[in-house]
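Chains, contacts and geometry: an overview
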Amino acid sequence: MENLDVLVLRKLSVWRNEGKKAILATVTRTWGSSPRPLGSIMALCEDGAVVGSVSGGCIEDDLIRQYTVGNEKAALQEEASIPRLVTYGLSAEEAFRFGLPCGGTLEILLEFNPEATALQQLVAALDQGLLMQRSVSLQDGSVAQQPITSPSPLSIDKNSLSTSFGPEYRMLLIGAGQLTEYVATMALFSGFSVTICDPRIEYRNSVSIEGVTIVSDMPDDVVTAFNADSRSCIIALTHDPKLDDLALMEALHTKAFYVGAIGSRRNNQDRQERLMQHFDLSAEQLNKLRGPIGIYIGSKTPAEIAISLMAEVIAIKNGLVLPNSMQVAHAKEKLAQQAA
């Protein structure tokens, strides 16, 4: 499944290139509890089709009604309508009506008929793996777009709204098998683009997941070609040091936000010693390696292990700082030695 923001922008671009009227809605401010975070976007076509979400249901329904058959239909039909800020949930009655959490209020910017060429350029840049900043004037709806090197938070003032859009998150899994199938499936519906690498034909041919890229080259070459960035993760799942170590020795040199390998604490300790001794990786580089992988939930089956792993990957993707299992184990051993 494609990154939701890219999916929304791509669909909006298609509508506008077909000559259809459409709205881009962006959550710009929230007060109290809110169902969707700042920067969430949705697109609404003149025929009532919707992609994306700003609330999870009721507000979308109200926007569809107002701008396709209701009193605000004219604003959508005018090609150059000025952007509007609309607010939902100011009163308890309105919050209840729109299904907002207790005390929740949303402010949304509505852009009418965004320029088709600019949308095409934005989607093309995202497809090329660029991180883009998009600024829209609240005075006339004009848009400025440019590549940026790091994500910037949404900002809005009386003159403009500025947001950043990144390319889709990517996951490279080393090794095909049952666990890999579960992880790949969960990653797809979590918005990751997934690649599976396994040079072993008997394992590779057993995997068939729609939307997943499967490659047969050696893991070190695949990791190099993958060109991992800060929106990428690389996970070794073969249990075979000849394959996992090849991938990890390259992965730990990348900017991937998550690099992990399956195995027990003992296996991970042995792996770190091998990587340091035979591949000249430093302690600082090895500190990036996560293992045993996953958040502890007492998992036993491949499906449960996949849930544990995806929970850890998503938590780190979303900016949570989680202790590495090996780091925790080392700290406990050190404390025990000091106590003795």
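This is a predicted model, so every value here is computed, not measured.

Criteria and cut-off values
Residues numbered from 1 in each chain as written. Predicted model: local features only at pLDDT ≥ 70, side-chain atom pairs only at ≥ 80, totals over all residues. Heavy atoms only, no water. Helix = DSSP H or I, 4+ residues; strand = E, 2+ residues; numbered from the N terminus. Buried < 20%, exposed > 50% of the residue type's maximum accessible area, 1.4 Å probe, protein only. Contact = heavy atoms within 4.5 Å. Areas by Shrake-Rupley, 256 points an atom, 1.4 Å probe, with all protein chains shown as cover. Expected span 1.5 Å × (residues − 1). Arc of directions from axis to C-beta. Axes fitted to C-alpha atoms, helices over the stretch in contact; angles between N-to-C directions. Left-handed = near helix turned anticlockwise from the far one by under 90°. Salt bridge = Lys/Arg side-chain N within 4 Å of Asp/Glu carboxyl O. Phe/Tyr/Trp six-rings, centres within 6.5 Å; stacked < 30°, edge-to-face > 60°.

Details of the overall build of the protein
Helix and strand counts for the protein stand at 13 helices and 15 strands. Every one of the 340 residues in the protein was classed for burial, and the buried ones make up 48%. Considering only intrachain contacts with a sequence separation of at least 6, the fraction spanning at least 24 residues in the protein is 60%. In the structure as shown, the protein presents an accessible area of about 16,700 Å², 52% of it carried by carbon and sulfur atoms.

Details of helix α10 (residues 265–279)
Over its 15 residues, α10 runs 20 Å from end to end, which matches the ideal 21 Å to within 8%, given 1.5 Å per residue. Residues of α10 that are buried include every one of N268, R271, Q272 and L275, and no others. Buried residues of α10, seen end-on, are gathered within an arc of 100° and therefore sit on one face of the element. Across from the buried face of α10, at angles greater than 90 degrees, the exposed residues are R266, Q277 and H278. Two residues or fewer past α10, D280 is found with a positive phi of approximately 60°.

Points about the packing of helix α1 (residues 4–17) against helix α5 (residues 116–127)
Here α1 crosses α5 at 145°, and the two axes come no closer than 9 Å. Judged by the twist between their axes, the crossing of α1 over α5 is left-handed. Listed contacts from α5 to V6, L9, R10, L12, S13, R16 and N17 of α1 are A116, L119, Q120, L122, V123, L126 and D127.

Digging into the pattern of salt bridges
Considering all chains together, one arrives at 13 salt bridges under this definition. Here R134 ties to E111 by a salt bridge, and the two come within 2.8 Å at their closest N and O atoms. Within this pair, whereas R134 is found in strand β6 (residues 131–137), its partner E111 is found in strand β5 (residues 105–112), the two being separated by 23 residues in sequence. Look at R134 and you get buried, because its relative accessible area is 4%. For the salt bridge of D240 with K242, the shortest nitrogen-to-oxygen distance reads 3.3 Å. Since its relative accessible area comes to 17%, D240 is described here as buried. For K242, a relative accessible area of 62% gives the class exposed. Salt bridges linked by common partners bring D245, R271 and R274 together as one network.

Describing the packing of aromatic side chains
Each aromatic ring pair is described using two quantities: the centre-to-centre distance and the angle formed by the ring planes. Counting across every chain of the model gives three aromatic pairs. Relative to F112, the ring of Y67 has its centre 5.7 Å away and its plane inclined at 50°; by these criteria the two rings are tilted. Remark: F112 occurs in strand β5 and Y67 occurs in helix α2 (residues 58–69); sequence separation between them is 45 residues. Judged by its relative accessible area of 3%, Y67 is buried. Owing to a relative accessible area of 5%, F112 belongs among the buried residues under this scheme.

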